[in-house]
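Structural overview
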Amino acid sequence: MSLNNKKNIFPSVYFIVPAPLGISPGQRFRFEHYLSMLRQKNISFRVSSYYSSAGWDVLYTPGNKLKKAWYVLAGFLTRLTDLFKLRHYSFIYIYREAAPLGPPVFEWMIARLLRKKIIYDFDDAIWIPVVSEYNKTLSWLKNFGKVAKICRWSYKVSVGNNFLETYARQFNSKVIVIPTVVNTDLVHNKLQNQITSLPAIGWTGTFSTLPYLDIVLPVLKELQQTYDFTFFVIADIDPNLPLLKYRFIKWNRETEADDLLNFHIGLMPLHDDEISKGKCGFKAIQYMSLGIPAVVSPVGVNTNIISDNVTGYVCSSDEEWKSRLSILLSDEGKRASMGVSSRKKIETTYSVTATEKIFSELFT
């Protein structure tokens, strides 16, 4: 059998991504946990990150403007060298963007000049202008309009929910919804013991999503006047919430699943806006995978992930947040039954095992 025939049988994929492997949560839960499956299917691949590990660390620290500029430049050089390697690959998988600044020059060259099949993946409403407080000085170089162009040039577009699908379908008919999922065999593979008289409520996220906690903070303060519970926050920055019992755990990739097991109830409050509609409900998915009922706002994909009063609660007002959390704080049996139902839903719909087939079909 000729080499060309082998290539036709076993496609190859060049991943163009922002961060090195194992660092970015978005990458880890969008495609990295499928890589072993690709190997098993004899699909060869290579991953090229825009930033080095050192560059990624500097990116999310205040100041360091010269270092940031250097790592941005180094990333552009990496992308230039990528162009000479792509001819050996059947598909080019681009997560979010090839480069963080400027127009989609690399995507245009890959699609139009090199005639390669782009698989474009995104899991947020990244066409809406939002700038990190750490990198405001470079905000004028961001090109949010490029998302539409990349969608148009792509062979297929992979998105995390139906809101993102609706946007992408304006520019490309081949849009596939693949939820952001967890590995229920290797990582999120434990079940919370809900039999306790001292349950804890918790939330996990990043500095950019900390403001969502303001939605539920008044309710938590009021509930702590009646119920004895600790509120946990797992994040990169401590918000120092003014609660009677409060504990901060700095996010750690090595212990993220075990740290979540401090919770008996998980929260995902959101504002009802376009940015929030683009979110893929991953907080709720993580909670539920560990047998932790999720209590969420009725925004975007949350209402698909949560079966109200079965795997958690969907709350539209302070009164609903208070009453639903009161039920869960006082009824360990309810928490336990919801936890079991939650785990089953994740295994059947929001796990690596449940979505491996559709992910592999991107490369056909």
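Preceding this paragraph is the structure being described.
Residues numbered from 1 in each chain as written. Predicted model: local features only at pLDDT ≥ 70, side-chain atom pairs only at ≥ 80, totals over all residues. Heavy atoms only, no water.

So, the packing of helix α14 (residues 318–330) against helix α15 (residues 332–349)
Between α14 and α15, whose axes approach to 5 Å, the crossing angle comes to 100 degrees. Viewed along their axes, α14 and α15 adopt a mutual orientation that is roughly perpendicular. Contact residues: α14 offers Ile327, Leu328, Leu329 and Ser330, while α15 offers Glu332, Lys334, Arg335 and Met338. Residue composition of the contact of α14 with α15, by class: four nonpolar, one polar and three charged. (Axes fitted to C-alpha atoms, helices over the stretch in contact; angles between N-to-C directions. Helix = DSSP H or I, 4+ residues; strand = E, 2+ residues; numbered from the N terminus. Parallel < 35°, antiparallel > 145°, perpendicular 65-115°, else oblique. Contact = heavy atoms within 4.5 Å. Nonpolar A, V, L, I, M, F, W, Y, C, P; charged D, E, K, R; others polar.)

Some points on the side chain of Ser48
On the secondary structure map, Ser48 appears in strand β2 (residues 44–49). Among the residues examined, Ser48 registers a relative accessible area of 7% and is labelled buried. Setting aside residues up to four positions removed in sequence, Ser48 forms contacts with Tyr14, Phe15, Ile16, Val17, Thr78, Arg79 and Asp82. (Buried < 20%, exposed > 50% of the residue type's maximum accessible area, 1.4 Å probe, protein only.)

Quick word on the nonpolar core
Judged by nonpolar contacts, the single largest core of 72 residues is most densely connected at Tyr93, Phe231, Leu267, Leu325 and Phe359. Every residue in contact with Leu325, bar those within four places of it in the chain, is listed here: Ile201, Val219, Leu220, Leu223, Ile265, Leu267 and Val295. (Core = buried A, V, L, I, M, F, W, Y, C linked by side-chain atoms within 4.5 Å.)

Some remarks on the packing of aromatic side chains
For the coordinates displayed, the defined rule picks out 23 aromatic pairs. Relative to Phe363, the ring of Phe91 has its centre 5.8 Å away and its plane inclined at 65 degrees; by these criteria the two rings are edge-to-face. Within this pair, whereas Phe91 is found in strand β3 (residues 91–95), its partner Phe363 is found in the segment after α16 (352–360), the two being separated by 272 residues in sequence. The same class applies to Phe91 as to Phe363, namely buried. Seen in terms of ring centroids, Tyr167 and Phe171 are 5.2 Å apart; in terms of plane orientation they differ by 65 degrees. Their pairing is edge-to-face. Here a set of aromatic residues connected by ring pairs shows up, and it is made of Phe15, Phe31, Tyr34, Phe45, Phe91, Tyr93, Tyr155, Phe359 and Phe363. Sitting above the plane of the Tyr155 ring, Lys117 keeps its charged end 4.7 Å from the centroid. (Phe/Tyr/Trp six-rings, centres within 6.5 Å; stacked < 30°, edge-to-face > 60°. Lys NZ or Arg CZ within 6 Å of the ring centre and 35° of its normal.)

Notes on the environment of Ser342
Inspection of the secondary structure puts Ser342 in helix α15. Setting aside anything within four residues of it in sequence, one finds Ser342 in contact with Met288, Ile292, Pro293 and Thr311.

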